[in-house]
Amino acid sequence: MKNIKIYIILLVLIIIAGIYYFSNSKGSLNLRNTSFSNESTEDITKIQISSPESRVELTKESDNWKVNNKYWATEKYIENLLLATQRVVISSPVSKAEKQQIVSILKADGILVEFYKKNRSIKKFYVSKPSMNPSKTYMMMEKSDEPFIVKIPAFKGLLAQLFVIDENYWRNKTVFDYQPQNIENIAVNYSKNKEKSFRIINYNNGTFALQNLSNESFEKDFNVDKVARYFTYFQRITFEDVVQDLNQEKIDSVLESLPYCEIEVEDITGGKNKIAIYRKPSKRELDEFGNKVLFDYDRAYASFNNNHELITIQYYIFDPLFKEIDYFR
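The model shown is predicted, which means the values in this text are computed figures rather than measured ones.

Student: I keep staring at the sheet that holds strand β8 (residues 137–141) and nothing clicks. Help me out?
Tutor: Adjacent strands of a sheet pair through backbone hydrogen bonds, lying either parallel or antiparallel. On the basis of which strands lie adjacent, the open sheet formed by nine strands has the order β4-β3-β2-β1-β6-β7-β8-β9-β5 and antiparallel pairing. If you trace the sheet from one side to the other, it starts and ends with β4 (71–72) and β5 (89–93), each paired once. One ladder, built from four bridges, connects β5 with strand β9 (residues 148–151); its direction is antiparallel. In the sheet register, proline 93 faces β9, and the bridge partner there is phenylalanine 148. Helix α2 (residues 75–87) contacts β1 (46–50), β2 (55–61), β3 (64–67), β5, β6 (111–117) and β9 of the sheet and is inclined by roughly 100° relative to β3. Strands β6, β7 (120–127) and β8 of the sheet are contacted by helix α3 (residues 96–109), whose axis makes an angle of about 80° with β8.

Student: Can you help me understand the pattern of salt bridges in this one?
Tutor: Pairs can form between side chains of opposite charge whenever their charged atoms are close. Counted by the stated rule, this structure contains 15 salt bridges. Between glutamate 146 and lysine 99 there is a salt bridge whose closest N-O contact spans 3.2 Å. Within this pair, whereas glutamate 146 is found in the loop between β8 and β9, its partner lysine 99 is found in helix α3, the two being separated by 47 residues in sequence. On the basis of relative accessible area, glutamate 146 is assigned to the buried category, the value being 9%.

Student: Would you take a moment to explain the sheet that holds strand β18 (residues 272–279) for this structure?
Tutor: What the nine strands build is an open sheet, ordered β14-β13-β12-β11-β17-β18-β19-β20-β16; its pairing is antiparallel. One side of each edge strand has no neighbouring strand; the edge strands of this open sheet are β14 (217–218) and β16 (241–242). The pairing of strand β17 (residues 261–267) with β18 spans six bridges and is antiparallel. For glutamate 264, the partnering residue across the bridge sits in β18 and is lysine 274. Running over the sheet, helix α6 (residues 248–255) touches β18, β19 (299–304) and β20 (310–314) and is turned about 65° from β20.

Student: What is the right way to look at the packing of aromatic side chains in this model?
Tutor: Given two aromatic rings, one states the distance between the centres and the angle between the planes to describe the pair. The tally for this structure, following the rule as stated, stands at 20 aromatic pairs. Note on tyrosine 77 and tyrosine 169: the rings are 4.7 Å apart at their centroids and 10° apart in plane angle, and the pair reads as stacked. Within this pair, whereas tyrosine 77 is found in helix α2, its partner tyrosine 169 is found in helix α4 (residues 167–170), the two being separated by 92 residues in sequence. Ring centres of tyrosine 230 and tyrosine 233 lie 5.8 Å apart, and the angle between their planes is 80°; on these two criteria the pair is classed as edge-to-face. With a relative accessible area of 22%, tyrosine 233 lands in the partly exposed category. Three or more aromatic residues joined by ring pairs form one cluster here, namely Phe176, Tyr178, Phe198, Tyr230, Tyr233, Phe234, Tyr327 and Phe328. Here the basic side chain of lysine 66 rests over the ring of tryptophan 72, its NZ or CZ set 5.1 Å away from the ring centre. Cation over ring: arginine 171 sits above tyrosine 71, and NZ or CZ is 3.6 Å from the ring centre.

What counts, and at which threshold
- Residues numbered from 1 in each chain as written.
- Predicted model: local features only at pLDDT ≥ 70, side-chain atom pairs only at ≥ 80, totals over all residues.
- Heavy atoms only, no water.
- Pairing = 2+ DSSP bridges.
- Helix = DSSP H or I, 4+ residues; strand = E, 2+ residues; numbered from the N terminus.
- Contact = heavy atoms within 4.5 Å.
- Axes fitted to C-alpha atoms, helices over the stretch in contact; angles between N-to-C directions.
- Salt bridge = Lys/Arg side-chain N within 4 Å of Asp/Glu carboxyl O.
- Buried < 20%, exposed > 50% of the residue type's maximum accessible area, 1.4 Å probe, protein only.
- Phe/Tyr/Trp six-rings, centres within 6.5 Å; stacked < 30°, edge-to-face > 60°.
- Lys NZ or Arg CZ within 6 Å of the ring centre and 35° of its normal.

And the structure:
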C-alpha cells in the first residue's frame with residue numbers, strides 16, 4: 001500500500017513538473033510558443049506575408065483566392081502553403097549560443113506570417129528568409145523570444161521558400177483556359193499582315209464559319225477539322241511573368257507600338273479575353289550561323305486585356321495559336 005502511494009505521489013510530481021516545464025515562459029519548449037502548424041485550414045480566409053520592405057495579402061473569396069485584392073491567385077500555390085502549415089513540425093530548439101542572434105534577425109528582417117479565420121487573427125509568427133540559412137528554416141511566434149528550427153517530414157526543399165512576398169509569384173497567370181464548346185469565336189489579327197488575319201465562329205451545332213478579316217468576307221471552302229481542332233488549343237495558356245527590368249518610359253513605348261498579333265476569345269456568355277503580342281528585341285545580334293537575329297525567338301512582350309501592364313510570354317506555349325487564314329483553307 002505504501003509503495004502504491006509513493007508511485008502515485010511520484011506520478012503527480014512528474015505531471016506537475018511537466019506542466020511547469022512546458023508552460024513556463026522561460027522554458028525551452030513553451031507550448032504557447034511552438035504552435036506553428038494549423039490543424040485545419042478549411043476555415044482560413046486570409047493570409048498576410050510581410051517583411052519590413054514589402055507585403056502580400058492572400059484573401060479567400062468563396063472558393064477562390066485573390067492576391068492583394070487585385071488578381072486571382074494560383075490555387076496550387078495556396079494549397080501548397082496551407083498544406084505546409086498543416087505538416088510543419090519542430091526539428092529542434094535553437095542552441096543557446098546562437099539564440100539571441102536568431103531572435104534579433106527574425107524580428108528585424110524576418111518574414112511575418114499571419115493567418116485569419118474570418119476577421120480574427122488565429123496565428124502569427126516569424127519565418128526566416130531563405131537567404132538567412134540555405135539549409136535551415138527558423139520560426140518564432142510573434143510575442144516570443146523562443147526561436148526553433150522547423151521542417152516538414154519528407155520535404156526536401158527549404159520550408160522558408162514557401163513564404164514568398166511577391167504578388168507576381170502568387171497571381172494566376174492564365175491567359176486562356178477554355179473548353180472548346182464554351183468558345184463562341186476567336187479572332188486573330190496580324191496588324192502588319194491583315195491578309196493573314198481571320199475569325200472563326202463555333203455555332204455549337206457541329207458547324208463553323210471562317211471569316212477573312214482583311215475584307216470581312218466569309219470563306220466558302222475551308223478545312224472543318226482544322227477549325228474544330230483550333231478551338232482545343234485554348235486550354236492552359238499562361239504568360240510567363242510581369243516585366244520588371246524596364247522603366248515605365250520603355251514599357252509605355254512598347255505598349256504604344258503596333259502589336260505583331262492580337263488574339264481575342266469570346267465565350268458563349270459574351271465574356272472576352274484579349275492579348276496583344278509585341279516582338280521582343282534580342283540580346284544577340286547574330287545567331288549561331290552568323291545570321292542577323294531580328295527578334296527574341298524564345299519570348300515576346302504582351303499586354304493582357306489592355307491593363308497597361310507589360311508581360312512576357314513564351315513562344316513554345318503560344319505558337320499553336322499563331323495560325324494564319326491559309327492554314328484553314
